[in-house]
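Summary of the model geometry
Listed below, chain by chain, are the residues.
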Amino acid sequence: MRIAYSGMFLGEGLRGLGHEVVPLPLRQDSAFDDLVAAACPAPDLVLLELWGKTALPPRMHESRCRIAAYCIDTPLNEFWMRHLLSLCDDVFVDQRSSVASLAPYGVAASWLPLCALEDDFVPQRPKEHFLTFVGRTTAHRGKRQNLLRLLQKHFPLVVKESVTRREMQELFARSQVVLNENLFSGLTLRVFQALASGSVLLTEAGGDGVDAHFSDGEHLVTFDAENILDILADMRRDMSRYEEIAWRGRQRCREAHTSLARAGEFLARIAKGPGNPRRGDARRRIAAANARYFHAVRHGGLFTDAVHTLAEAVSAGDADAPEAAHTLGSILARRGDADAARPLLALAAGLPGTEGFVAAAKLALTFLYADDAAEAARIVRAALPLLPEAARAGGAPDPACEARPRQALFLFLAGALLAAGRVFDLGFLKPGLERYPDGAFEYARLAWEEARTDRTLDVVIACAAASGTEAEILDTLKEAIAAGIATDRQILYAAELARRLYDVDTARGVVMAFRRSMALRAGG
């Protein structure tokens, strides 16, 4: 097979299986098919491994090539990838959870975990370090920073970032134990790299998909906040048992998780024929424009052409115009141009299902922010049939009966979208409050800022738990406790959350404050 290829994981294995793999450079200054023709005329397949900062060439929607996409760090990129994947005939995702989360958008994806490359299997080295961590330690990765601070108090820990892949593998091979902390729950690349190095992998428990390929105590060692210190203390006392685990883990990785093995799995699925139907030209054009817009908003770049394409689709009255109108209406609403946004959002409210409801909710907000809570409530009530029945419970609040109409509507929308499964785009945490949300968590945040109450805090907690973003709300919980807003149950939840986030000092402080409060109440 002749394959035009952009990526770093499957190419090695595909070449090893005898296929012609031609590098395909992706750029934003040339049309997609022109890049393909220049690199690899008439390919049997175009394979794109998509990352967060992948360059997206224009006019990809016009391609007649068979395109396979392999999505990397998919949970962090679904918000833009789900649009681009409408252009792809075959879709593979590196994380198991993304198969289900992409399905509502009409994308049929296959789970294909990441793998180790041949160079990752470095020769065994003398051990110079006990425990090593390689990864980013930026301020927004609070759980990671807490964990590293905790371990540094008790054990010699080497922490590195901004190293080459080769340097990292050498460092791993010279370490007795390699530490892996999960930014999101999944079977991440670091698992395969650590196993390939031949050192003991100590990885955070609960990684979705890890147990499908590896066993705790057999190939690797898992930890949580409860046992991490005990496990490392046991390793310090006697590494012999753990060295056997490291050997088995490396062997398992060598047998089943190389690029060669993964390429074989990839080709077996490709041989069954395209996994996704080819969309119509208008639908593909809008999907490409949305992908370029959302990718640029998150990762930088120009999106003027994308917005122009969406505007043309609306003007032409295409069958898929409501989807384009949703993006355009959201842009205008966020810029403060409610008058221009309303007809677009009204058109988008004609989309089926939850997507139509999200657009209708944004339309309602344009009236709510103009102090017309009654019209906002009317719009939301009219859109309720778009939601699953379980998400309509209670009906939209009547502003005439609410002391805080804005907060009441925010809370209702948060609850409805939470029940509908539209909670939060994990990789798109925005720097400030989102006034026109796409999911439940952002509505809960608006409700909290409108009026800080224990009821609102419950909704914030529920949304954070459902979206895997609990680390983002610890400061909110601490503020609520300090202000006397949090209930006993919420205080205990904050202590437990801080413990799970390895924030020992906060957990201890919250528990001590709770005990003092209980003692005072008992004495009163």
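Our subject is the structure listed above.
1. Comments concerning the nonpolar core
Core analysis: the largest hydrophobic core is formed by 110 residues, its most contacted members being Val 46, Leu 48, Leu 85, Tyr 443 and Ile 473. No other element matches helix H15 (residues 353-368), which puts 10 residues into this core. Beyond its immediate chain neighbours, meaning those up to four positions away, Leu 85 contacts Leu 50, Ala 69, Cys 71, Val 91, Leu 102 and Val 107. Among the nonpolar cores identified, the runner-up in size contains 40 residues, and Ala 68, Val 178, Val 191 and Leu 201 belong to it.

2. Regarding the sheet that holds strand S10 (residues 200-204)
Paired through backbone hydrogen bonds, the strands of a sheet run either parallel or antiparallel to each other. If you trace the 5 strands from one edge of the open sheet to the other, you get S8-S7-S9-S10-S11, paired in parallel fashion. Each end of this open sheet is capped by a strand with a single partner; those strands are strand S8 (157-160) and strand S11 (221-223). Averaged over neighbouring strand pairs, the angle between their axes works out to 25° when direction is ignored. The sheet strands contacting helix H5 (residues 142-152) are strand S7 (129-134), S8, strand S9 (175-180), S10 and S11, and the helix crosses S8 at an angle near 150°.

3. Remarks on the state of the cysteines
The full count for this structure, using the stated rule, is 0 disulfides. For Cys 253, which is in no disulfide, the shortest distance to another cysteine sulfur is to Cys 115 and amounts to 8.5 Å.

4. Here's the deal with the pattern of salt bridges
A complete count under the given rule lists 40 salt bridges for this structure. Residues Arg 96 and Asp 208 are paired through a salt bridge, measuring 2.9 Å at the closest nitrogen-oxygen approach. Taken together, the residues span a long stretch of sequence, with Arg 96 in the loop between strand S5 (90-93) and helix H4 (97-102) and Asp 208 in the loop between S10 and S11 at a distance of 112 residues. Of the residues examined, Arg 96 reaches a relative accessible area of 32% and is grouped as partly exposed. The salt bridge involving Arg 248 is made with Glu 218; its shortest N-O contact spans 3.4 Å. With Arg 248 in helix H9 (residues 240-256) and Glu 218 in the loop between S10 and S11, this pair connects stretches of sequence that are 30 residues apart. Put simply, Arg 125, Glu 128, Arg 166, Glu 170 and Arg 174 are held in one network by salt bridges that share partners.

5. Points about the environment of Pro 113
Its place among the elements puts Pro 113 in the loop between strand S6 (109-111) and S7. Classification of Pro 113 by relative accessible area gives buried; the value is 2%. Note: C-alpha distance between Pro 113 and Ala 482 (369 residues apart in sequence) is 44 Å. Pro 113 has contacts with Tyr 70, Asp 94, Leu 187, Phe 192, His 213 and Arg 262, leaving out every residue within four places of it along the chain.

6. A word on the packing of aromatic side chains
Scanning the entire structure with this criterion turns up 10 aromatic pairs. Centroid distance Phe 223 to Tyr 502: 6.3 Å. Interplanar angle 50°. Geometry classified as tilted. On the criterion of sequence distance, the pair formed by Phe 223 in strand S11 and Tyr 502 in the loop between helix H21 (488-500) and helix H22 (504-523) is long-range, its members being 279 residues apart. A relative accessible area of 1% means that Phe 223 is categorised as buried. Cluster of aromatic residues (ring-pair linked, three or more members): Tyr 293, Phe 294 and Phe 303. If you follow Arg 236 out to its NZ or CZ, it ends over the ring of Phe 130, 4.8 Å from the centre. Positioned over the ring face of Tyr 242 is Arg 241, at 4.5 Å from the centre of the ring.

7. Remarks on the environment of His 219
Assignment of secondary structure puts His 219 in the loop between S10 and S11. Separated by 77 residues in the primary sequence, His 219 and Gly 142 place their C-alpha atoms 28 Å from one another. Beyond its immediate sequence surroundings of up to four residues, His 219 is in contact with Leu 195, Phe 214, Ile 245, Arg 248, Gly 249 and Arg 252.

8. Here's the deal with helix H10 (residues 259-270)
Between its terminal C-alpha atoms H10 stretches 16 Å, which fits the 16 Å expected from 12 residues at 1.5 Å a residue. If you follow the buried residues of H10, they end up packed against helix H1 (10-16), strand S3 (45-50), strand S4 (67-71), S5, helix H7 (189-197) and H9.

9. Comments concerning the sheet that holds S6
Pairing in this open sheet of 6 strands is parallel, and the strands run S2-S1-S3-S4-S5-S6 from one edge to the other. Of all strands in the sheet, those bounded by a partner on one side alone are strand S2 (20-23) and S6. Each adjacent strand pair in this sheet contributes to an overall mean axis angle of 25°, direction not counted. Where strand S1 (residues 2-6) lies against S3, 4 bridges are found, and the strand directions are parallel. Considered in S3, the bridge of Ala 4 is made with Val 46. Along the sheet face, helix H2 (residues 32-39) touches S2, S3 and S4 and points at about 115° away from the line of S3.

10. Some words on the packing of helix H16 (residues 373-383) against helix H17 (residues 405-420)
At a minimum axis distance of 10 Å, the contact between H16 and H17 shows a crossing angle of 15°. Here H16 is positioned roughly parallel relative to H17, judged by the angle of their axes. The two elements H16 and H17 meet at a crossing, and its hand is left-handed. Here Ala 373, Ala 376 and Val 380 of H16 lie close against H17, whose contacting residues are Pro 405, Leu 409, Phe 412 and Leu 413.

Rules and cut-offs
Residues numbered from 1 in each chain as written. Predicted model: local features only at pLDDT ≥ 70, side-chain atom pairs only at ≥ 80, totals over all residues. Heavy atoms only, no water. Core = buried A, V, L, I, M, F, W, Y, C linked by side-chain atoms within 4.5 Å. Buried < 20%, exposed > 50% of the residue type's maximum accessible area, 1.4 Å probe, protein only. Helix = DSSP H or I, 4+ residues; strand = E, 2+ residues; numbered from the N terminus. Contact = heavy atoms within 4.5 Å. Pairing = 2+ DSSP bridges. Axes fitted to C-alpha atoms, helices over the stretch in contact; angles between N-to-C directions. Disulfide = S-S within 2.5 Å. Salt bridge = Lys/Arg side-chain N within 4 Å of Asp/Glu carboxyl O. Phe/Tyr/Trp six-rings, centres within 6.5 Å; stacked < 30°, edge-to-face > 60°. Lys NZ or Arg CZ within 6 Å of the ring centre and 35° of its normal. Expected span 1.5 Å × (residues − 1). Parallel < 35°, antiparallel > 145°, perpendicular 65-115°, else oblique. Left-handed = near helix turned anticlockwise from the far one by under 90°.

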